[in-house]
Amino acid sequence: MSGDSGTYALVKIAAKDVEIRYRGKVALKPATFDIRSSTIHSIIGPAGSGKTSFLRSLNLMSLELDGAAIKGSIKVDDDEILTIRGAEKMAKLRRRIGIVFATPQPLPRSIYENIAFGPRIAGTRKKADLDALVEESLRSAHMWDEVKDRLDLMGTSLSGGQQQRLCLARTLALKPDIVLLDEPCSALDPISTYKIEQSMQELKGNITFVLVTNNTKQAARVADRTAFFLMGELVEDGPTAKIFTRPNDQRTGDYIEGRFG
Amino acid sequence: MITLPRLPRLLHPRHAQVVAKAVLWAMTLATVGVLFYIIYFVLRRGLGHVGWDFLTEMPRRSGSVGGIFSTIVGTLYVTGVGVVVATPIGLGAAIYLAEYTREGRLTRIVRFGAESLAGVPSIIFGLFGFAFFVTYLRFGWSILSGGLTLAFMILPTIIRTSEEALRAVPQSYREVALSLGASKWQAIVRVVMPAAAPGILTGIILGVGRSVSETAAVIFTSGVSLKMPHSLFDSTRTMSVHFYTLTMESISEPKAYATAAVLVITILLINVAAYTLMNRFTRKFR
């Protein structure tokens, strides 16, 4: 854990008074915290704490798909994203801010085509460029050696762990500078979990990771900083080591030690 | 707690179970039985007169001699026009209903309209086609008039099956596509439609089946010409209409049943194809 060393790190995502509602019902009360560049920032908390709502607001999927109303401000590299409208601009944002969902969601096509999907839409047409992207992305997701001889296999025929790494690779193929992960390992075996965590550690030099997780141990293992959400409220945010050993709030300690949630 | 009055027991539950099973089984058998009997009835009288010559020769002397070649061609043309016109319109409506609207008053009205269209008797379609395409638009008795009339008839089938197929595609596919930088339209074209393709195709094939077997709507709009059609504005006679004419005008019973046999086999093949596709499609998402 490198948490306390980050005081001079650049702010990648600045959330200020972010409030999320679904048809008037509050999912997240105004929350303010920063996510620093080139770190793994985990968000922990029990179900219904608003952590996934927050994550899906970072690439505006909550706004477009779930009917969320978001107030406040979310700045990515000092640019406000909550005012972004229109298909073209949203697509551009989502190429910069990738997401991996809780359950592996390969599209019903080959491994190669799963990964080439995003770059193709973004305008990459040359076979050689796509080939290179596919290989690089699969290598980053620690999957290349397993599948390099069968890239035309259906993505849906892989094991759950492989499917999720394929989804990570697919996201990486767009060269994002932020990757959102929504409980990415909740359905995975320990080895696949380890490989995904390893990928995050290796890639965080270039990519900022926001990791929503139900697994506090995972947050302790990989996250530089951790935010604790509870019942739609940001309880506290700080270096992971501090959150786990000397939390400011009683509730944080209770949750981490498994007294509720 | 309300207790129901005990009914007098006529049968031991175990025996009631057996009786119920037998009755239900008999009802099922009756349904399938009727189908098989019709097929048997038609094929037994007709199949003996069907040969290569029958399929490839032109009908002569009002169809009492020769084959049914021009009616096969006419059926293909009329059905083709119907499907080519109805598919894009139906698919467009289905995409709109499934992807671009929330369930509400408008979708209910559109769906009610489509369902009502499906319930309109085909002879009314024929009358409408005659008044509108044949007379008002001056297309005359032609492949075009018949095809357009059929297009309106099969539109509800195509809309409904396509909409169901689109709705059966998991929501997660759309989310994934959007999350990878696709616009909503790109997500529909590149991910949702390919996944729904077998279901959409099933609807189209069912539409083909309905077009091939349709008589009333076509006889008023495409006419009864036995000549080989050369353009969309030529009149033609479909197989169903040919069968009807041969029977009603007592031209030739063997030729009538032979035509019916070809028709029945064609429809059976079309339905088998549709259900095979449908099965493959539903299995994929369960």
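Residues numbered from 1 in each chain as written. Chains lettered and ligands numbered in written order. Predicted model: local features only at pLDDT ≥ 70, side-chain atom pairs only at ≥ 80, totals over all residues. Heavy atoms only, no water.

### Quick word on the sheet that holds strand E3 (residues 40-44) of chain A
Residues and elements named next belong to chain A. Taken in spatial order, the six strands line up as E6-E7-E8-E3-E9-E10 in an open sheet, and their pairing is mixed. With one partner strand each, in any of the chains shown, strand E6 (97-100) and strand E10 (233-239) form the two edges of the open sheet. If you compare each strand with its neighbour and ignore which way they point, the axes differ by 15° on average. Where E3 lies against strand E9 (residues 225-230), four bridges are found, and the strand directions are parallel. When the bridges of E9 are listed, histidine 41 appears paired with arginine 225. Those strands touched by helix H7 (residues 160-172) are E6 and strand E7 (178-182), and its axis lies near 175° from that of E6. Sitting on the sheet, helix H8 (residues 190-203) touches E3, E7 and strand E8 (208-213), and the angle it makes with E8 is about 150°. (Pairing = 2+ DSSP bridges. Helix = DSSP H or I, 4+ residues; strand = E, 2+ residues; numbered from the N terminus. Axes fitted to C-alpha atoms, helices over the stretch in contact; angles between N-to-C directions. Contact = heavy atoms within 4.5 Å.)

### Topic: helix H6 (residues 143-168) of chain B
Here H6(B) is 26 residues long and its end C-alpha atoms lie 36 Å apart, about the 38 Å a rise of 1.5 Å per residue gives. If you look at H6(B), its biggest bend is around 40°, right at B:Ile154, and the proline B:Pro156 turns up within four residues after that. (Expected span 1.5 Å × (residues − 1). Bend = angle between axes of the 7 residues up to and from the residue.)

### Here's the deal with the nonpolar core
Counting 68 residues, the largest nonpolar core has A:Phe54 and A:Val210 as the members making the most contacts within it. Of the residues forming this core, the biggest block, eight residues, is contributed by helix H8 (residues 184-213) of chain B. When neighbours within four sequence positions are excluded, A:Phe54 is seen to be in contact with A:Ala15, A:Val18, A:Ile20, A:Leu28, A:Phe33, A:Ile35, A:Ile43 and A:Phe229. (Core = buried A, V, L, I, M, F, W, Y, C linked by side-chain atoms within 4.5 Å. Buried < 20%, exposed > 50% of the residue type's maximum accessible area, 1.4 Å probe, protein only.)

### A closer look at the packing of aromatic side chains
Here the structure, examined in full by the defined rule, presents 16 aromatic pairs over all chains. Geometrically, the ring pair formed by A:Phe228 and A:Tyr255 is stacked, given 5.0 Å between the ring centres and 25° between the ring planes. In this pair, A:Phe228 is assigned in strand E9 and A:Tyr255 in helix H11 (residues 250-256), connecting sequence segments 27 residues apart. Owing to a relative accessible area of 0%, A:Phe228 belongs among the buried residues under this scheme. Considering the side-chain rings of B:Tyr37 and B:Phe41, the 6.1 Å spacing of their centres and the 40° angle between planes classify their relative orientation as tilted. Highlighted residues: B:Tyr37 and B:Phe41, both in helix H1 (residues 13-46), separated by four residues, approximately one helical turn. For B:Phe41, a relative accessible area of 24% puts it in the partly exposed group. Taken together, B:Phe128, B:Phe132, B:Phe133, B:Tyr136, B:Phe139, B:Phe152 and B:Phe233 form an aromatic cluster joined through their ring pairs. Directly above the ring of B:Tyr257 sits B:Arg45, whose terminal nitrogen or CZ lies 5.4 Å from the centroid. Over the ring of B:Tyr100 we find B:Lys184, and its NZ or CZ is 4.7 Å from the ring centre. (Phe/Tyr/Trp six-rings, centres within 6.5 Å; stacked < 30°, edge-to-face > 60°. Lys NZ or Arg CZ within 6 Å of the ring centre and 35° of its normal.)

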